[in-house]
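Chains, contacts and geometry: an overview
The residues making up each chain are set out below.
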Amino acid sequence: MSAIHPLKIGVLAETLQGERRVALVPDIAAKLVKVGFQVIVQAGAGESASFTDDAYREAGVVVEVDPRIVLSTADVVLSVQPPHVEDVAQLQIRAVTISFLQPTTQAALIEALAAHGVTAFSLDLLPRTSRAQSMDALSSQSSLAGYKAVLMAANRLGKFFPMLMTSAGTIPPARVLVLGAGVAGLQAIATARRLGAVVEAYDVRPAAQEEVESLGARFLQLALETQDGEGGYAREQSEEFLNKQREMLAEHVAANDVVITTASIPGRKAPLLITASMVKAMRRGSVIVDLASESGGNCAATLPGKVVEVDGVFVDGTTNIPSTMALHASQLYARNVTNLLLLLVSNGELKLDFGDEIIRGCCVTHAGQIINEKARQMMGIPAAQEAVREEARS
Ligand code: NAD
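Keep in mind it's a predicted model, so treat the numbers as computed, not measured.

**Points about the overall build of the protein chain**
The secondary structure content of the protein chain amounts to 13 helices and 19 strands. For the protein chain, whose C-alpha radius of gyration is 23 Å, the value lies close to the compact-globule estimate of 21 Å for 394 residues. Taken over the C-alpha atoms alone, the protein chain extends approximately 70 × 50 × 35 Å along its principal axes. Out of the 394 residues belonging to the protein chain, those deemed buried represent 50%. For the protein chain, the proportion of contacts with a sequence separation of at least 24, taken over those separated by at least 6, is 63%. Element-wise, carbon and sulfur atoms account for 52% of the exposed surface of the protein chain, whose accessible area totals about 17700 Å². In the protein chain, the 34 positive side-chain charges and the 42 negative ones have mean positions that sit 4 Å from each other.

**With respect to the packing of helix 5 (residues 137-156) against helix 6 (residues 183-194)**
At a minimum axis distance of 7 Å, the contact between helix 5 and helix 6 shows a crossing angle of 40 degrees. Relative to helix 6, the crossing made by helix 5 is right-handed. Contacts between helix 5 and helix 6 involve Ser139, Ser142, Ser143, Gly146, Tyr147, Val150 and Leu151 from the first element and Val183, Ala184, Gln187, Ala188, Thr191 and Ala192 from the second. Here the contact of helix 5 with helix 6 is composed, by residue class, of seven nonpolar, six polar and no charged.

**Things to note about the environment of threonine 191**
Along the polypeptide, threonine 191 turns up in helix 6. C-alpha of threonine 191 to C-alpha of glutamine 141: the two residues are 50 residues apart in sequence and 15 Å apart in space. Non-local contacts of threonine 191, meaning those with residues more than four positions away in its chain, are made with Tyr147, Val150 and Leu151.

**Some remarks on the site of the ligand**
Taken together, 25 residues lie around the ligand, and Arg128, Val183, Asp203, Arg205 and Gln237 are the ones closest in. Contact distances for the ligand include 3.2 Å between an oxygen atom and a backbone N or O atom of glycine 182. In isolation the ligand has 840 Å² of accessible area, and contact with the protein removes 86% of it. Residue composition of the shell around the ligand, by class: eleven nonpolar, ten polar and four charged.

**With respect to the packing of helix 5 against helix 10 (residues 326-343)**
At a closest axis distance of 9 Å, the pairing of helix 5 and helix 10 adopts a crossing angle of 165 degrees. Of the possible angle classes, the one that applies to helix 5 and helix 10 is roughly antiparallel. Here helix 5 runs over helix 10; the crossing is right-handed. Residues Ala137, Ser140, Gln141 and Leu144 of helix 5 touch helix 10, and the partners they reach there are His328, Ala329, Leu332, Tyr333 and Asn336.

**What to know about the sheet that holds strand 9 (residues 175-179)**
In space, the seven strands of this open sheet follow the order 11-10-9-12-13-15-14, with mixed pairing throughout. Two strands lie at the open edges of the sheet, namely strand 11 (218-219) and strand 14 (307-310), each paired on one side alone. When strand 13 (residues 287-290) meets strand 15 (residues 313-316), the two strands line up parallel, connected through three bridges. Bridging from a neighbouring strand, valine 289 pairs with aspartate 316 of strand 15. Sitting on the sheet, helix 5 touches strand 12 (258-261), strand 13, strand 14 and strand 15, and the angle it makes with strand 13 is about 155 degrees.

**Topic: the side chain of serine 330**
Following the sequence through the fold, serine 330 ends up in helix 10. Engagement of the side chain of serine 330 in a polar contact is seen with the backbone nitrogen of valine 22, the distance being 3.1 Å. Beyond its immediate chain neighbours, meaning those up to four positions away, serine 330 contacts Arg21, Val22, Val25, Ala49 and Phe51.

**What to know about the sheet that holds strand 3 (residues 62-64)**
A sheet is described by the order of its strands in space; here eight strands give the open sequence 3-2-1-4-5-6-18-19, paired in mixed fashion. Each having just a single partner strand, strand 3 and strand 19 (369-370) make up the two edges of the open sheet. Looking at chain direction, strand 4 (residues 76-78) and strand 5 (residues 96-99) are connected through three bridges and run parallel. Residue pairing across strands places valine 76 opposite valine 96, the latter belonging to strand 5. Of the strands in this sheet, strand 1 (8-11), strand 4, strand 5 and strand 6 (119-122) are in contact with helix 10, which crosses strand 5 at around 145 degrees.

**Here we look at the environment of glutamine 187**
If you trace the backbone, glutamine 187 turns up in helix 6. Note on glutamine 187: relative accessible area 21%, which makes it partly exposed. It is 8.4 Å that separates the C-alpha atoms of glutamine 187 and serine 142, two residues lying 45 residues apart in sequence.

Rules of the game
Residues numbered from 1 in each chain as written. Predicted model: local features only at pLDDT ≥ 70, side-chain atom pairs only at ≥ 80, totals over all residues. Heavy atoms only, no water. Helix = DSSP H or I, 4+ residues; strand = E, 2+ residues; numbered from the N terminus. Rg over C-alpha atoms; globule rule 2.2 N^0.38 Å. Buried < 20%, exposed > 50% of the residue type's maximum accessible area, 1.4 Å probe, protein only. Contact = heavy atoms within 4.5 Å. Areas by Shrake-Rupley, 256 points an atom, 1.4 Å probe, with all protein chains shown as cover. Lys, Arg positive; Asp, Glu negative; His and termini not counted. Charge placed at Lys NZ, Arg CZ, Asp CG, Glu CD. Axes fitted to C-alpha atoms, helices over the stretch in contact; angles between N-to-C directions. Left-handed = near helix turned anticlockwise from the far one by under 90°. Nonpolar A, V, L, I, M, F, W, Y, C, P; charged D, E, K, R; others polar. Near = heavy atom within 4 Å. Polar contact = N/O pair within 3.5 Å; in protein donor to acceptor, adjacent residues only side chain to side chain. Parallel < 35°, antiparallel > 145°, perpendicular 65-115°, else oblique. Pairing = 2+ DSSP bridges.

Written out as structure tokens, the structure is:
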């Protein structure tokens with residue numbers, strides 16, 4: 001790296017209740033140090049993901065007890081959850097932040113970041129293109145969630161997943177239904193199949209059928225029109241569509257031992273797929289794991305962050321499931337976030353090329369403006385004049 005002052009990368013300890021991940025792990029920090037970055041990590045940041053301060057020190061990282069020093073000296077601040085609104089004033093003017101910044105729920109924070117002149121990137125808005133795959137933290141974390149959801153269900157279900165022939169008789173395999181076959185859903189299908197369950201799945205995007213079948217699961221054919229939206233996502237469905245879908249799903253929900261729901265539409269409330277009466281129609285001891293619990297829930301009985309029992313059926317609304325696998329979640333997140341960081345740097349200096357669709361797609365604030373149209377839409381503020389956006393990017 002040729003810059004005279006090496007770029008300083010700061011890593012904050014996460015403070016959100018239950019957040020166990022860390023944005024940078026020691027072996028990836030070591031690679032950054034090797035190519036000439038300075039890395040400063042808040043003391044204890046990696047502890048709940050099983051990375052000690054000493055492991056960071058051995059990687060050539062400065063471990064700093066005072067978070068204010070990390071905030072105020074770093075050129076680039078990495079975190080999983082975005083910084084607190086009250087900490088924004090401590091950031092350097094023109095600092096860069098990279099995190100899961102969420103325009104729908106964090107409007108005040110985004111306004112504060114813009115007002116302070118911070119360039120804030122949101123991994124929530126990263127374009128889902130093949131070039132961006134190595135930076136796609138939504139996918140890496142969804143994959144962990146899909147895997148763990150099946151283990152959580154298996155742990156709660158009073159049944160074996162695989163078929164077993166024992167001297168005491170034959171045990172039939174558990175039956176698992178996965179609703180939504182995106183990144184989390186496909187990982188849930190693969191995991192449930194590995195455990196020996198009989199799996200069926202449904203998604204409103206027809207492209208999902210081939211992927212579901214390639215994992216050895218049955219794709220449910222419902223007589224419904226397809227709902228393809230932009231960029232490989234589903235589009236928001238009408239209440240009429242969802243009513244028909246719920247009617248058609250009812251018998252399948254009742255017939256399965258486990259239902260894993262993962263259906264969502266970016267920036268919108270999750271669609272309701274399982275009503276209270278559909279829960280009541282399930283056999284006692286059955287389990288629903290609702291991975292959409294944070295965005296409104298796919299099941300009417302879901303309580304975010306809680307497991308509830310309804311007439312003997314367990315409805316698991318655990319939130320932030322990737323945090324329960326903090327070591328691998330952090331390792332994958334750190335790779336994603338570092339790949340995005342490296343795209344922002346040229347010859348050891350920050351060089352933001354707004355002609356690059358990845359940078360343009362996930363940069364939310366820059367030079368005092370909220371420059372991202374998608375973020376503005378999600379925040380319910382009018383579109384910026386093109387001239388204003390161009391001025392901020394130049
Ligand atoms: P997501 O988390 O937004 O949604 C999960 C799934 O729910 C999606 O498959 C969606 O179609 C489905 N869904 C929505 N409403 C539904 C309903 N009423 N009933 C049943 N299913 C419903 O999506 P995701 O998992 O992040 O990704 C979705 C798509 O994006 C996939 O096609 C995936 O392959 C693609 N993707 C591409 C890239 C890439 O090219 N880099 C990366 C990640 C994902």
